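Per-entry structural report
Here is what each chain is made of, one letter per residue.
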Amino acid sequence: MQAPILIVAPFRKLAEDIELVIAEQFPKQKKLFRVVEADLEDARKLLEKNTGDAIKVIVSRGGTARLLTSAADLPVVRIQVSVMDVMQAVLQVSERGSVHKIGISGFDNMVYGCEEIEKILDMHFIEFVIRGEEEAEAKIQEAIRQGVDVLVGDAVSVRVAKKYGLKAKVIESGKQAILQALQEAVLISRVVQQDEVKSRMLSSVINKSQDGIVAVDGEGKIILFNPEAELIFHRVRYEVMGKPLAEFCSSLTGRQLHTAGEIMADVYGKQMLVKISPIQNGSSGFTIYTLQQVSEVQRLEQSIRKKLMAKGLTAKYRMEDVIGRSRACQNMKNKAARYALTDSTILITGESGTGKEMLVQGIHNMSQRASGPFVAVNCAALPENLLESELFGYVDGAFTGARKGGRQGVFEMAHGGTLFLDEIGEMPISLQSRLLRVLQEREVMPLGSESIIPVDVRVIAATNQNLADMVAKGEFRQDLYYRLNILRIHMPTLAERREDIPLLARSMMKKMQKLNPQLTVLTDAAADFLQQLPWPGNIRQLANMIERIMLLTDGTEIDRADIQAACEDDVEIRPFHRSSQAVPAAQLTEAAEHEEENGHVLQSVEEETMYRVLQEEDYNYSRAAKRLGIHRTTLWRKMKKYQHN
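Below you will find a few notes about this structure. (Residues numbered from 1 in each chain as written. Predicted model: local features only at pLDDT ≥ 70, side-chain atom pairs only at ≥ 80, totals over all residues. Heavy atoms only, no water.)

As a further point, take the sheet that holds strand 15 (residues 374–378). If you walk across this open sheet you meet the five strands as 15-16-19-14-20, and the pairing is parallel. Looking at the sheet topology across the chains shown, the edges are occupied by strand 15 and strand 20 (487–490). Across the sheet, the mean angle from the axis of one strand to that of its neighbour is 15°, orientation sign disregarded. Bridge analysis of strand 14 (residues 346–349) against strand 20 gives four bridges, and the strand direction is parallel. Following the sheet pairing, I346 is matched in strand 20 by L487. Against the sheet, helix 13 (residues 327–340) contacts strand 14, strand 19 (458–463) and strand 20, and its axis sits at roughly 155° relative to strand 20. Docked against the sheet, helix 14 (residues 356–366) engages strand 14, strand 15, strand 16 (418–422), strand 19 and strand 20, running at close to 155° with respect to strand 14. (Pairing = 2+ DSSP bridges. Helix = DSSP H or I, 4+ residues; strand = E, 2+ residues; numbered from the N terminus. Axes fitted to C-alpha atoms, helices over the stretch in contact; angles between N-to-C directions. Contact = heavy atoms within 4.5 Å.)

Here the focus is the sheet that holds strand 13 (residues 284–293). Pairing is antiparallel across the open sheet formed by five strands, whose spatial order is 10-9-13-12-11. Sheet topology places strand 10 (222–225) and strand 11 (261–267) at the edges, where each strand pairs with a single neighbour. In this sheet, adjacent strand axes meet at a mean angle of 25° when their direction is disregarded. Sheet topology note: the strand 9 (residues 212–217)/strand 10 ladder contains three bridges and is antiparallel. Paired with A215 across the two strands is L224, which belongs to strand 10.

Going through the model one piece at a time under the given rule, you end up with 18 salt bridges. Among the salt bridges present, the one from K221 reaches E219, with a minimum N-O distance of 3.6 Å. K221 sits in the partly exposed class, given a relative accessible area of 32%. The exposure class assigned to E219 is exposed, which follows from its relative accessible area of 62%. Close ionic contact of D456 with R369 constitutes a salt bridge, the shortest N to O distance being 2.6 Å. (Salt bridge = Lys/Arg side-chain N within 4 Å of Asp/Glu carboxyl O. Buried < 20%, exposed > 50% of the residue type's maximum accessible area, 1.4 Å probe, protein only.)

Here the focus is the packing of helix 22 (residues 538–552) against helix 23 (residues 560–567). Where helix 22 meets helix 23, the axes come as close as 10 Å, and the angle between the chain directions of the two elements is 110°. Our classification of the angle between helix 22 and helix 23 gives roughly perpendicular. Judged by the twist between their axes, the crossing of helix 22 over helix 23 is right-handed. Contact residues: M545, R548 and I549 in helix 22; D562, I563, A566 and C567 in helix 23. Classifying every residue of the contact of helix 22 with helix 23 by side-chain character gives five nonpolar, no polar and two charged. (Parallel < 35°, antiparallel > 145°, perpendicular 65-115°, else oblique. Left-handed = near helix turned anticlockwise from the far one by under 90°. Nonpolar A, V, L, I, M, F, W, Y, C, P; charged D, E, K, R; others polar.)

Quick look at empty space enclosed by the protein now. Here the structure, examined in full by the defined rule, presents two cavities of 30 Å³ or more. Of the voids in this model, the largest cavity is the one considered here, and its volume is about 60 Å³. Sorting the residues of the lining of the largest cavity by element identifies helix 3 (62–71) and helix 8 (155–163) as the ones contributing at least two each. Grouping the amino acids of the lining of the largest cavity by side-chain chemistry returns seven nonpolar, three polar and three charged. (1 Å grid on protein atoms, 1.4 Å probe; cavity = no way out; pocket = protein on both sides within 12 Å on 5 of 7 lines; lining within 4 Å. Points joined across faces, edges and corners; volume = space filled by probe spheres on them.)

Relative to the elements of secondary structure, K169 occurs in strand 8 (residues 167–170). Given a relative accessible area of 15%, K169 falls into the buried group. Side-chain polar atoms of K169 contact the side chain of Q92, separated by 3.2 Å. A polar contact of 3.5 Å, which involves the side chain of K169, links it to the side chain of E172. (Polar contact = N/O pair within 3.5 Å; in protein donor to acceptor, adjacent residues only side chain to side chain.)

This brings us to the packing of helix 20 (residues 501–511) against helix 22. Contact pair helix 20 / helix 22: the axes reach a minimum separation of 10 Å and the direction vectors enclose 50°. As the angle between them shows, helix 20 and helix 22 are arranged oblique. Note that helix 20 runs across helix 22; the crossing there is right-handed. Note on element contacts: helix 22 touches helix 20 through I539, L542, A543, I546 and M550, opposite I501, L504, A505, M508 and M509. Per-class residue counts for the contact of helix 20 with helix 22 are 10 nonpolar, no polar and no charged.

Before going further, it helps to spend a moment on the nonpolar core. Counting 56 residues, the largest nonpolar core has I5, I7, I18 and F33 as its most contacted members. Of all the elements, helix 9 (residues 175–208) adds the most residues to this core, at seven residues. In this structure I18 touches I7, A9, V35, I79 and I178, once residues within four positions along its chain are discounted. Ranked by size, the runner-up nonpolar core spans 32 residues in total, among them L391, L439, V455 and L480. (Core = buried A, V, L, I, M, F, W, Y, C linked by side-chain atoms within 4.5 Å.)

Turning next to the packing of aromatic side chains. Counted under the stated rule, the structure contains four aromatic pairs. Ring geometry for F392 versus F411: centroids 6.2 Å apart, planes at 5°, classification stacked. Of this pair, F392 sits in helix 15 (residues 384–392) while F411 is found in helix 16 (residues 410–413), placing the two residues 19 residues apart along the sequence. Residues F392 and F411 agree in their burial class; the two are buried. Ring centres 5.5 Å apart and planes at 50° place the aromatic pair Y481 and Y482 in the tilted group. The exposure class assigned to Y482 is exposed, which follows from its relative accessible area of 51%. (Phe/Tyr/Trp six-rings, centres within 6.5 Å; stacked < 30°, edge-to-face > 60°.)

Here we come to the pairing of strand 13. In terms of strand pairing, strand 9 meets strand 13 through six bridges, oriented antiparallel. Its bridge partner being in strand 13, A215 is matched across the sheet by I288. Across 10 bridges, strand 12 (residues 270–281) lies against strand 13 in antiparallel orientation. In the strand pairing of strand 13, Q280 is matched with G285.

Right, let's talk about a nonpolar patch on the surface for a bit. A cluster of nonpolar side chains, contributed by V197, M201 and V205, occupies part of the molecular surface with about 270 Å² of accessible area. Within the secondary structure layout, V197 lies in helix 9. Judged by its relative accessible area of 40%, V197 falls in the partly exposed class. (Patch = residues over 30% accessible without salt bridge, like charges linked within 9 Å, V, L, I, M, F, W, Y side chains within 5 Å. Areas by Shrake-Rupley, 256 points an atom, 1.4 Å probe, with all protein chains shown as cover.)

Here the focus is helix 13. Compared with an ideal rise of 1.5 Å per residue, which puts 14 residues at 20 Å, helix 13 spans 20 Å between its outermost C-alpha atoms and is within 8% of the ideal. Considered for burial, the residues of helix 13 that qualify are C329, M332, K333, A336, Y339 and A340. Looking straight down helix 13, one finds its buried side chains confined to an arc of 125°; they lie on one side. Away from its buried face, by an angle of more than 90 degrees, helix 13 presents the exposed residues R327 and R338. The secondary structure elements touched by the buried residues of helix 13 are strand 14, helix 14, strand 19 and strand 20. (Expected span 1.5 Å × (residues − 1). Arc of directions from axis to C-beta.)

What follows is about the side chain of S352. Structurally, S352 is set in the loop between strand 14 and helix 14. Take S352: its relative accessible area is 18%, and that puts it in the buried class. Within the structure, S352 has its side chain in polar contact with the side chain of N464 (distance 2.7 Å). Beyond its immediate sequence surroundings of up to four residues, S352 is in contact with N464, G537, N538, R540 and E617.

In short, geometric facts, not functional conclusions.
Spelled out as structure tokens, the structure:
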């Protein structure tokens, strides 16, 4: 089997160094490389003999790399020659004895930067730039006429110099330069192979598509015609290829040829919805027509919407439902709107209660996947075994208690739409490798199955944890972190967008109007007071507070006194807690002492606060301790003390 990376070394020493770097740095990937020794025209002839689908990328150096770039329809990676490489060659020849004149010869990338070497070594060189093998003879003869004692340069220059009896030394490339070139070649080879797989997959998709797909070039001649198009046009592919589309369907020609959009057209007696997609490829271009029967489109759309509504796989919030005029909120929404136009994975970070899922639903409804399903999974809400089956599904009999007939996983359910993985930081590390594979390969294997199911899903993940810290502690896979962290949005806390609190409060009052229909006004004094409270629970806590106020308040308006009364039932935001940051236990202690000169009350307040925060954080001691402003160990010790009292 031919290796995908062909390395053409212009001289033996370089070939040996390359073999050494491969052995040291790529011991398990040796089969990727084939190293040959050839220079310039010999390299071109070698390439002609080795052309084939197996070679994906070429690695070479100097003039040979330049020649192969023009001769081969393949990517060519150059092994760079650094200033240090040239300097090392100069120092080696200057140590051999009395050298008066040193010549440096080679292609322009070889002699570039020699001025710096002259300054460093306090020496003078004569540079000879060659642009091809045919120039080497003349340049070397010129070097001899100018009295050059010794020459350093590329392989062809040195070969010609020795032919004329001139001492010469090849400028060698260091191991670091070789390693960088090989790493780049491996990456390019993988990308090319992935593109080929995608191309074959695309061809398969086109041929199996239930839509008619026709593509024409800039002159309107057919260059693609899939099997469904054969049925629609009553023509077989070999009859139409290379012929003008106008010969077979005049309704798809004329002004629509280069205009993107959708049109209704009569094609052989059937009403078709035709999507026109002009594609510009450099100086040339082509147009793709996708044809669907109108009656079939309507039937499928009704069927899909009915199924989605029945399963509840829809996103009810839109981007305009995310309320806020603050700079922090606007920056967040602008970023989300831009990201919605892509299919890339998004990671949303932020504290609990900041409205992450609402934003995710808004992104889905603004994206091209809005008509597809929206599926949300809380990774912290399920034990590991249930989470695995929830994500990937299972087949009949996969495990004890498995539902008869099996079950779809959420990746399958979200096919063509968006999958929201909330609390991704809580996912067990044993499942993270499976998730990474799905994100990379875009395919799932249900539990108990040997079949692979391709999925087209846009993944959005959210967390209130610092995943980078978790990676450093070994609690989260680094490769999964980088796969998720492609596009990132940080949700500001309510304390970071205080100017939005009145807007949010009034909007919540409207949504909760049924709780107290006569209550319609939030006074300015009340709004100002709400802005002063800390809100460690963010928007979720504000919503809970508004609901409490709506139920407790008489009259038609909410005033400051109504909020103060409601705060008495919430120890986290009682009026004496003015800080917008986490509430340290010491502050809780001091505040309670001001309210009651009684040690039992103090302990009761502290215990109540800790239990409340732990419950809200699903008994995650790390998150609860962070909100309380104490160390996790301190929280654990205090809770143990209260349990023994």
